[in-house]
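Here is what each chain is made of, one letter per residue.
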Amino acid sequence: MSAGRFAPSPSADLHIGNLRTAVLAWLFARSTGRRFLLRVDDLDDRTFTEIGHRQVADLEAIGLTWDAEPEWQSQHPDRYSAAIEQLSQAGLLYECYCSRKDIAQAPRAPHAPQGAYPGTCRDLTDDQRQVRRAETGRPPALRLRTDVITYTVRDLLHGDYTGIVDDFVVRRGDGVPAYNLAVVVDDAAQGVDQVVRGDDLLPSSPRQAYLARMLGHAEPTYAHVALVLNEDGARLAKRDGAVTLAEIGVSRALEQISASLGWRATDVDGMLAEFDPALLPRQPWIYQPH
Ligand code: GLU
């Protein structure tokens, strides 16, 4: 059955911008008859369990509902290893010995897109690999051998969006599955076919959609919603003052979120009645904490 989701990383308490994105993800799912799921993306922040639980509690406090127990990424490592094995069997992975510095300093083809992996380790011979392995003395990352340079996704708010798909990392040198792999694998495993999240992640969606295809999964529908900024036009952060639910309070937070979308409702069910994706603001919301 189809589903939407919200998938916070438990590195800090959710701020009003994250809560607004969660509300929008819930509205997109519920208004299209989808299930709604929560996932705590804790592969990077495994020790932040308390924050993760607080995020789930905050989402519950503002009235969001979900249809299964929240999932924690750290609880099913087998899912990621199975996907890595599948890609490896298909000959789509190679070891990469580059450090960040190596990548920054590597020579690039004149028209290579900015931010793309320059391909240093892509075509090494077995002998060269052995030498590089011994030289670096740390476990290699695994990269996906891609056969495109860009890929186009269809976004409900941005239309067709074309972004870079380089040979991106699917498993880091420390053995942790990379964000792009984990998200794609989990969304497929959870039956998620609608991805609503902040538009800071729009540039990642071509890589993720491409990887979904490589793994034999359907691409989800995307909607990347405008972020919330502070009065200086920078991303909202803790230092901006009262930004978390504990600081703002549930009713004030809901009022602010609703008003930022041009609505009057004061709870999420009321917002569902007013929700029309075609009328969503395309500009960032400037939040003024008081
Ligand atoms: N966990 C990611 C984050 O909080 C978002 C994952 C996603 O929505 O794809 O940045």
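Predicted, not measured: the structure shown is a model, and the values here were computed from it. Per chain, residue numbering runs from 1 following the sequence as it is written. Note on the predicted model: pLDDT of at least 70 is required for a residue's local features to be given, and 80 or more for side-chain atom pairs to be given and counted; whole-chain, interface and lining totals, by contrast, use all residues. With hydrogens and water excluded, all non-hydrogen atoms of the structure serve as input to the side-chain values.

### Here's the deal with the sheet that holds strand β8 (residues 169-171)
Read from one edge of the open sheet, three strands run β4-β5-β8, paired in antiparallel fashion. The outermost strands of the open sheet, each flanked by one partner alone, are β4 (93-96) and β8. Sheet twist, expressed as the mean angle between neighbouring strand axes with direction ignored, is 45°. Paired strands, in this sense, are two strands between which DSSP finds at least two bridges. Helix and strand assignments follow DSSP, with helices taken as H or I runs no shorter than four residues and strands as E runs no shorter than two, numbered in order from the N terminus. As defined by bridge partners, β4 adjoins strand β5 (residues 141-144) across four bridges and the pair is classed as antiparallel. Directly across from tyrosine 94, in β5, lies its bridge partner arginine 143. Here helix α3 (residues 77-89) sits on the sheet and contacts β4, β5 and β8; the angle it forms with β4, its principal contact strand, is near 105°. Here, axes are lines fitted to C-alpha atoms. For helices the fit covers the stretch in contact, and angles between N-to-C directions go from 0 to 180 degrees. Note on contacts: a residue pair qualifies if any of its non-hydrogen atoms lie within 4.5 Å across the two residues.

### Quick word on the pattern of salt bridges
Whenever Lys or Arg places a side-chain nitrogen within 4 Å of a carboxyl oxygen from Asp or Glu, that contact is recorded as a salt bridge. Summed over the entire model, instances satisfying the criterion amount to 21 salt bridges. A salt bridge links aspartate 13 to arginine 54, with the shortest nitrogen-to-oxygen separation between them at 2.9 Å. Taken as a pair, aspartate 13 in the loop between β1 (3-6) and α1 (16-31) and arginine 54 in helix α2 (residues 49-61) lie far apart in primary sequence, 41 residues in all. A salt bridge links arginine 172 to aspartate 44; the nearest nitrogen and oxygen atoms lie 2.5 Å apart. Of the two residues, arginine 172 is situated in the loop between β8 and α6 (179-189) and aspartate 44 in the loop between β2 (35-40) and α2; the sequence distance between them amounts to 128 residues. Its relative accessible area of 29% is what places arginine 172 among the partly exposed residues. One network of salt bridges, with partners in common, ties together Arg5, Arg39, Asp41, Glu71, Arg79, Asp186 and Asp187. Each residue's exposure class comes from its accessible area (1.4 Å probe, protein chains only) as a fraction of the maximum for that residue type: buried when under 20%, exposed when over 50%, partly exposed otherwise.

### Comments concerning α6
Counting buried residues in α6 gives eight out of eleven residues, a clear majority hidden from the surface. For α6, every residue scored as buried is listed here: Asn180, Leu181, Ala182, Val183, Val184, Val185, Asp186 and Asp187. One or two residues past the end of α6 sits glycine 191, with phi positive at roughly 75°.

### A few points about the UniProt feature "domain: Glutamyl/glutaminyl-tRNA synthetase class Ib catalytic" (unreviewed entry) in the protein chain
UniProt positions are given in the numbering used here, feature names are shortened, and annotations may be inferred rather than shown by experiment. On the UniProt side, "domain: Glutamyl/glutaminyl-tRNA synthetase class Ib catalytic" (unreviewed entry) is annotated at positions that read residues 5-245 here. Here residues 5-245 is 34% helix and 20% strand, with 20 Å between the C-alpha atoms at its ends.

### Quick look at the packing of aromatic side chains
Geometrically, a pair of aromatic rings is defined through the distance of the ring centres and the angle of the planes. The criterion for an aromatic pair is that two Phe, Tyr or Trp rings (for Trp, the six-membered ring) have centres within 6.5 Å, with stacked assigned to planes under 30 degrees apart, edge-to-face to planes over 60 apart and tilted to the rest. Within the structure shown, the criterion is met by four aromatic pairs. Ring geometry for tryptophan 285 and tyrosine 287: centres 5.3 Å apart, planes at 70°, overall edge-to-face. No difference in accessibility class separates tryptophan 285 from tyrosine 287, as the two residues are buried. An aromatic cluster of three or more residues is present, and its members are Phe28, Trp263 and Phe275. Counting as a charge over the ring demands two things of the Lys NZ or Arg CZ atom: a distance within 6 Å of the ring centre and an angle within 35 degrees of the ring normal. For arginine 143, the ring lying beneath its charged end belongs to tyrosine 117, and the centroid distance is 3.6 Å.

### What to know about the site of the ligand
We call a residue near a molecule or strand whenever a single non-hydrogen atom of that residue lies within 4 Å of it. What surrounds the ligand is the set Arg5, Ala7, Pro8, Ser9, Asp41, Tyr179, Val183, Arg197 and Leu201. Polar contacts, as counted here, are pairs of nitrogen or oxygen atoms within 3.5 Å of one another; within protein the pair requires one atom able to donate a hydrogen and one able to accept it, and residues that are adjacent in sequence qualify only if both atoms are side-chain atoms. Taking aspartate 41, its side chain carries an N or O atom lying 2.7 Å from a nitrogen atom of the ligand. In the model, an oxygen atom of the ligand is placed 3.2 Å from a nitrogen or oxygen of the tyrosine 179 side chain.

### Regarding the pairing of β1
Residues Ala3 and Arg5 line one face of β1 and the alternating positions Gly4 and Phe6 line the opposite face, and both faces are buried. As defined by bridge partners, β1 adjoins β2 across four bridges and the pair is classed as parallel. For phenylalanine 6, the partnering residue across the bridge sits in β2 and is leucine 38. When the strands point away from the viewer and the path from the first strand over the helix to the second turns clockwise, the crossover is right-handed. The handedness of the β1 to β2 crossover, carried by α1, is right-handed.

### A word on the environment of serine 88
Looking at the element boundaries, serine 88 is found in helix α3. Residue class for serine 88 comes out partly exposed when judged on its relative accessible area of 39%. Along the primary structure serine 88 and valine 153 are separated by 65 residues, whereas in three dimensions their C-alpha atoms are 25 Å apart.

### Quick notes on empty space enclosed by the protein
Only protein atoms enter the calculation, which uses a 1 Å grid: trapped sets of points that fit a 1.4 Å probe without letting it out are cavities, open sets showing protein on both sides within 12 Å along at least five of seven lines are pockets, and any residue with an atom within 4 Å of a point is a lining residue. Grid points are joined across faces, edges and corners, and a volume is the space filled by probe spheres set on the points. Throughout the structure, instances matching the rule amount to one cavity of 30 Å³ or more. Its volume calculated, the largest cavity comes out at about 50 Å³. Lining the largest cavity are Arg20, Leu24, Leu157, Val225, Ala226, Leu261, Leu280, Pro281 and Gln283.

### Description of the packing of α3 against α6
For the pair α3 and α6, interaxial distance at closest approach is 10 Å and the crossing angle is 105°. Classified by the angle their axes make, α3 and α6 are roughly perpendicular. Here Arg79, Tyr80, Ala83, Ile84 and Leu87 of α3 come into contact with α6, specifically with Leu181, Ala182, Val185, Asp186 and Ala189. Three classes are used: nonpolar for Ala, Val, Leu, Ile, Met, Phe, Trp, Tyr, Cys and Pro, charged for Asp, Glu, Lys and Arg, and polar for all others, with Gly counted as polar. Along the lines of polarity and charge, the residues of the contact of α3 with α6 split into eight nonpolar, no polar and two charged. Roughly parallel means an angle under 35 degrees; roughly antiparallel, over 145; roughly perpendicular, 65 to 115; everything else is oblique.

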